Amino acid sequence: MQDFEPNVVVFCCRWCSYAAADLAGTSRMTANPQFVVIRTMCSGRIDPEFILDAFAKGADGVLVTGCHPGDCHYVNGNYKTRRRMLLLEEVLEQFGIDRKRLRCEWISASEGGKFVKTIDEFIGTIKKLGPIDGIK
Amino acid sequence: MKQRIGVFVCHCGINIASTVQIERVVEAIKEYPGVVHAEDYEYMCSDPGQGMIRARIKEKNLTGVVVAACSPTLHELTFRNVTALSGLNPYRCEMANIREHCSWIHKDVDKATKKAIKIIKTIVEKVKLNEELTPLSVPITKRALVIGGGIAGIQSALDIANAGYQVILVEKSSSIGGHMAQLSETFPTLDCSQCILTPKMVEVAQHKNIKLYNYAEIDDVSGYVGNFKVKIRLKASYVDWSKCVGCGLCIEKCPTKVASEFEQGLAPRKAIYVPFPQAVPNKPVIDREHCRYFKTGKCRVCEKVCDLDAIKFDEEDDFVEEEVGAIVVATGYEVYGVQNIGEYGAGRYKDVVDGLQFERLLSASGPTNGEIRRPSDGQIPRRVAFVSCVGSRDPELHKPYCSKVCCMYLAKHAMLYKHRVPDGQPIIFYIDIRSDGKGYEEFVQRAQEEDHVTYIRGKVSKIYEDNGELVLLSADTLAGMPIELRCDLVVLGMAICPSSGVDELTKKLKIQTDANGFLTEAHPKLRPVESLTPGIFIAGCAHAPKDIPDTVAQASAASSKVLEMFGQKELSHDPMVAWVDEDLCSGCGVCISLCPYDARELEIKEGKRIATVKEILCEGCGSCIAGCPAGACQQRNLDDKQVIRMVETVLSRG
């Protein structure tokens, strides 16, 4: 388990969390490298099917990030995301996926530190869970 | 089409190259399916770097470009322009962020290099499926609608009209001028409000580019930026203004008296009236609610005395439709009601007045001709207490915000009172004195030093009447002692609230309000005069409490935004919008409820319900796409297939 290098997909919205990830880099913070960011305009673009598909194809964890509630660039997209992710969490266990493999976090453009902390914590959690064992 | 992607890897000096092994990246990417060329350079954004990309697009006949460098936030536009210069559609160019998201945030060279390769592959997969797009363009109707004829609306209308564009100005009361017309003198210069306002009112009425609809309201708004259709309700005035010359005989003879709104209830007006003598336009209206004829069926005195046959009791509301390209919302404010403040008598005491009532007592054209006489008995008050923050800064019971103008106008009131009643005693109760405008602090100092206004720091806990006098209970928090003060008149610096009816209007305009009912700006710092709905701008107290200089500045700012739009030939809009596969769409309408911009609507096409996209309203957030149960809805250049391919690439080992 020690040398398990998880594969983590991170969805970032263009306005807040992607900018936070940029800021983390600009501020030369250090984060665990076992993730890749996919940029969408809004977290509201993230179809729960993307996440199920990611787990089916071997993602060990999926992190969904967006603007803080009330701060959405598109009025209320992140509220829709929150609803969808809460429902999705309920569904995950039915597929035999630990719900801890999905995390949703609100990170503003000024929260580079929070981005790094979230990544490291999340990858830490995934490392403890071990590699995903496919969808059941 | 066989893809021919070119990948350009930037060293960013040593910013990328010190953590990511560029050579390894280029070697790995060269072999990747669809990539026909990979090359690196120290500074890709520099002129030689850009030149290199331009040359390779042509030489290698590239169908897509990936620039692996910094964040797209920084240089996406730069490289898309470079791509366009070589004749390749700019939307076939994407950036892979291997600096902020890789070289800067990781230390391990091997891991960072592997990750950079993966990031680039992910973006290559995206570019493979990118369509060629062109920004959407929409024609603009270069005519503006301004809602509200107070100083904000007047300023905005004049600015736009003076630039040569037509303006439709809609005012709900029978005269423009708004609250500013009620004010006596204005801080900090004490110039007469009427003297600076009325010439502007006249200018509006006479301006060849301004069409004024007074006594009118917005009934319906449809369309979108550049192309709004507005239905305006012209309320029945029961007077034919084209015949009326404003002689005033009808008003003189009308037997019905009601409290004048303009005089804040301190003087009567007739049932047929002009709100104030300097009204623009200066034509009367009949107040149907109070008119004796409308109530009892008998009277018609006004009709009898009018030689011009201008009274029309059978008039009904009329409607006009106007097409405009931009809308400025300047609906102003109203004063929070004294009846909401139980501890100050909730309006029971005649001699407890609000700021606007005191303005009328100070006004040379007011009910007392500018003499300070208290409403109950007409006596000149010898001691007047002014109370600030009434209803403002009180999140538990009333309004949480600062109303911004009260500190200054109470200082002005106290000063003007002292000028009229030199032996009078003005006392201001305050929590903090907020005098942050140009010349404001000096003004407050002058009130204290030259006009001997007493300032007591303390909130007033109770006001009650005793023997014809008012008793205020408070505390002097600087001296640390309770205060019981007897006075003849109390002026309350009431909170400012958005005008009633704004809620309904914002629903018609589809713009947002905050928790207090004020209009929400698109960005609190960088887009303070735009609403979130393109083409709709905001100005004045409808947005937040503000004084006249700030209101005028904001109104001009809103106008300049309108003019910025009108200066363009047509409007351009990001093409990364939602689109619908009509074969898959079941017309369920889920997308419609998800769209915050009203960009989705149901249409019947060949007998089938289809949820279409009004592209110009679509901001490309993608909420509707994620919510579509049929997968019928997609986003240009970020469709489901692209996201899924990108996720697969992230997950591929090796």
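What counts and what doesn't
- Residues numbered from 1 in each chain as written.
- Chains lettered and ligands numbered in written order.
- Predicted model: local features only at pLDDT ≥ 70, side-chain atom pairs only at ≥ 80, totals over all residues.
- Heavy atoms only, no water.
- Helix = DSSP H or I, 4+ residues; strand = E, 2+ residues; numbered from the N terminus.
- Rg over C-alpha atoms; globule rule 2.2 N^0.38 Å.
- Buried < 20%, exposed > 50% of the residue type's maximum accessible area, 1.4 Å probe, protein only.
- Contact = heavy atoms within 4.5 Å.
- Areas by Shrake-Rupley, 256 points an atom, 1.4 Å probe, with all protein chains shown as cover.
- Lys, Arg positive; Asp, Glu negative; His and termini not counted.
- Charge placed at Lys NZ, Arg CZ, Asp CG, Glu CD.
- Core = buried A, V, L, I, M, F, W, Y, C linked by side-chain atoms within 4.5 Å.
- Pairing = 2+ DSSP bridges.
- Domains from an automatic or database assignment.
- Buried area = accessible area lost by both parts, 1.4 Å probe.
- Salt bridge = Lys/Arg side-chain N within 4 Å of Asp/Glu carboxyl O.
- Polar contact = N/O pair within 3.5 Å; in protein donor to acceptor, adjacent residues only side chain to side chain.
- Nonpolar A, V, L, I, M, F, W, Y, C, P; charged D, E, K, R; others polar.
- Arc of directions from axis to C-beta.
- Disulfide = S-S within 2.5 Å.

(A) Inspection of the overall build of chain A at higher detail. A tally of helices and strands in chain A yields four helices and four strands. Walking chain A from its N terminus toward its C terminus, one meets helices and strands in the order β-α-β-α-β-α-β-α. Scaling as 2.2 N^0.38, a compact globule of 136 residues should have a C-alpha radius of gyration of about 14 Å, and chain A matches this with 14 Å. In terms of principal-axis extent, the alpha carbons of chain A reach across some 35 × 30 × 15 Å. A burial count over chain A gives 56% of its 136 residues as buried. Partitioning the contacts of chain A with sequence separation of at least 6, the portion at a separation of at least 24 is 81%. Accessible surface for chain A amounts to roughly 5,400 Å². Of this, 51% is attributable to carbon and sulfur atoms. Charged side chains of chain A number 18 positive and 17 negative; the gap between the two group centres comes to 5 Å.

(B) Highlighting the environment of A:His73. Looking at the secondary structure, you find A:His73 in the loop between β3 (61-66) and α3 (77-92). What makes A:His73 partly exposed here is its relative accessible area of 31%. Considering only alpha carbons, one finds A:His73 and A:Phe95, 22 residues apart in sequence, at a separation of 33 Å. Non-local contacts of A:His73, meaning those with residues more than four positions away in its chain, are made with A:Trp15, A:Cys67, B:Leu532 and B:Tyr597.

(C) Examining the nonpolar core more closely. All names here are of chain B. With 97 residues, the main nonpolar core has Phe358 and Phe386 as its most contacted residues. When residues in this core are grouped by element, the largest group, nine residues, is from helix α12 (residues 406-420). Not counting chain neighbours up to four residues away, the residues in contact with phenylalanine 386 comprise Phe358, Leu410, His413, Ala414, Tyr417, Pro426, Ile427, Ile428, Phe429 and Val491. The next biggest cluster of nonpolar side chains, apart from the first, holds 66 residues, and it includes Val25, Met44, Ile57 and Ala68.

(D) Structural detail: the pairing of strand β33 (residues 608-613) of chain B. Residues and elements named next belong to chain B. Inspection of the sheet shows strand β32 (residues 600-605) paired to β33 by six bridges, in the antiparallel sense. Among the inter-strand pairings, glutamate 603 is bridged to a residue of β33, identified as isoleucine 610. Counting the residues that bridge the hairpin from β32 to β33 gives two residues, and of these glutamate 606 lies at a positive phi of roughly 50 degrees.

(E) Inspection of the domain arrangement of chain B at higher detail. Residues and elements named next belong to chain B. Per the domain assignment, the segments making up chain B are domain 1 (5-133), domain 2 (143-235 + 317-332 + 499-566), domain 3 (249-305), domain 4 (335-497) and domain 5 (574-636). For domain 2 versus domain 5, the distance between C-alpha centres works out to 33 Å. Listed per partner, the contact involves five residues of domain 2 and five residues of domain 5. Summing the contributions of domain 2 and of domain 5, the shared interface buries around 460 Å²; its carbon and sulfur component is 74%. When residues of domain 2 are sorted by the area they lose upon contact with domain 5, Tyr224, Lys510 and Pro534 head the list and together hold 68% of the total. Here domain 2 is connected to domain 5 by zero salt bridges. Viewed at the interface, domain 5 and domain 2 are joined by zero residue pairs in polar contact (both at pLDDT 80 or more). Here the residues of the side of domain 2 that touches domain 5 sort into four nonpolar, no polar and one charged.

(F) Broad picture of helix α1 (residues 22-30) of chain B. Residues and elements named next belong to chain B. Within the sequence span of α1, burial applies to Ile22, Val25, Val26 and Ile29. Projected down its long axis, α1 shows its buried positions confined to an angular sector of 95 degrees, all on one face. Looking at the buried residues of α1, the elements they touch are β1 (5-10), β2 (35-41) and α5 (109-128).

(G) Representation of the state of the cysteines within the structure. Residues and elements named next belong to chain B. Applying the stated criterion to the full structure yields one disulfide over all chains. Between the sulfur atoms of cysteine 192 and its disulfide partner cysteine 195 the distance amounts to 2.5 Å. Judged by the sign of its S-S torsion, about 90 degrees, the bond between cysteine 192 and cysteine 195 is right-handed. According to the relative accessible area criterion, cysteine 192 is partly exposed, its value standing at 26%. In this structure cysteine 250 is not part of a disulfide, and its nearest cysteine sulfur, from cysteine 247, lies 6.0 Å away. Take cysteine 250: its relative accessible area is 10%, and that puts it in the buried class.

(H) Structural detail: the interface of chain A and chain B. With 46 residues of chain A at the interface, the matching set in chain B holds 43 residues. Taking both sides of the interface into account, the surface hidden between chain A and chain B amounts to around 3,800 Å²; carbon and sulfur atoms contribute 59%. Taken together, chain A and chain B are joined by four salt bridges. Residue A:Glu5 pairs with B:Lys111 through a salt bridge whose shortest N-O separation is 3.4 Å. Across the chain A-chain B interface, the total number found is 19 residue pairs in polar contact (both at pLDDT 80 or more). Broken down by secondary-structure element, the contributors of at least two residues to the side of chain A that touches chain B are β1 (8-13), α1 (17-26), β2 (35-40), α2 (48-56) and α3 of chain A. Split into classes, the residues belonging to the side of chain A that touches chain B amount to 22 nonpolar, twelve polar and twelve charged.

(I) Seen up close, the side chain of A:Asp60. On the secondary structure map, A:Asp60 appears in the loop between α2 and β3. The class of A:Asp60 is buried, set by a relative accessible area of 2%. Of the polar contacts made by the side chain of A:Asp60, one reaches the backbone nitrogen of A:Asn7; its length is 2.7 Å. If we skip the residues at most four places from it in the chain, A:Asp60 touches A:Phe4, A:Pro6, A:Asn7, A:Phe55, A:Arg101, A:Ile126, A:Pro131, A:Ile132 and B:Arg653.

(J) Molecular detail of the pattern of salt bridges. Evaluation of the coordinates by the stated rule reveals 51 salt bridges over all chains. Between A:Arg103 and A:Glu121 there is a salt bridge, with the nearest N and O atoms lying 3.1 Å from each other. On the criterion of sequence distance, the pair formed by A:Arg103 in strand β4 (residues 102-106) and A:Glu121 in helix α4 (residues 112-129) is long-range, its members being 18 residues apart. Overall, the relative accessible area of 22% leaves A:Arg103 in the partly exposed class. Between B:Glu303 and B:Arg300 there is a salt bridge whose closest N-O contact spans 2.7 Å. Of the residues examined, B:Glu303 reaches a relative accessible area of 28% and is grouped as partly exposed.

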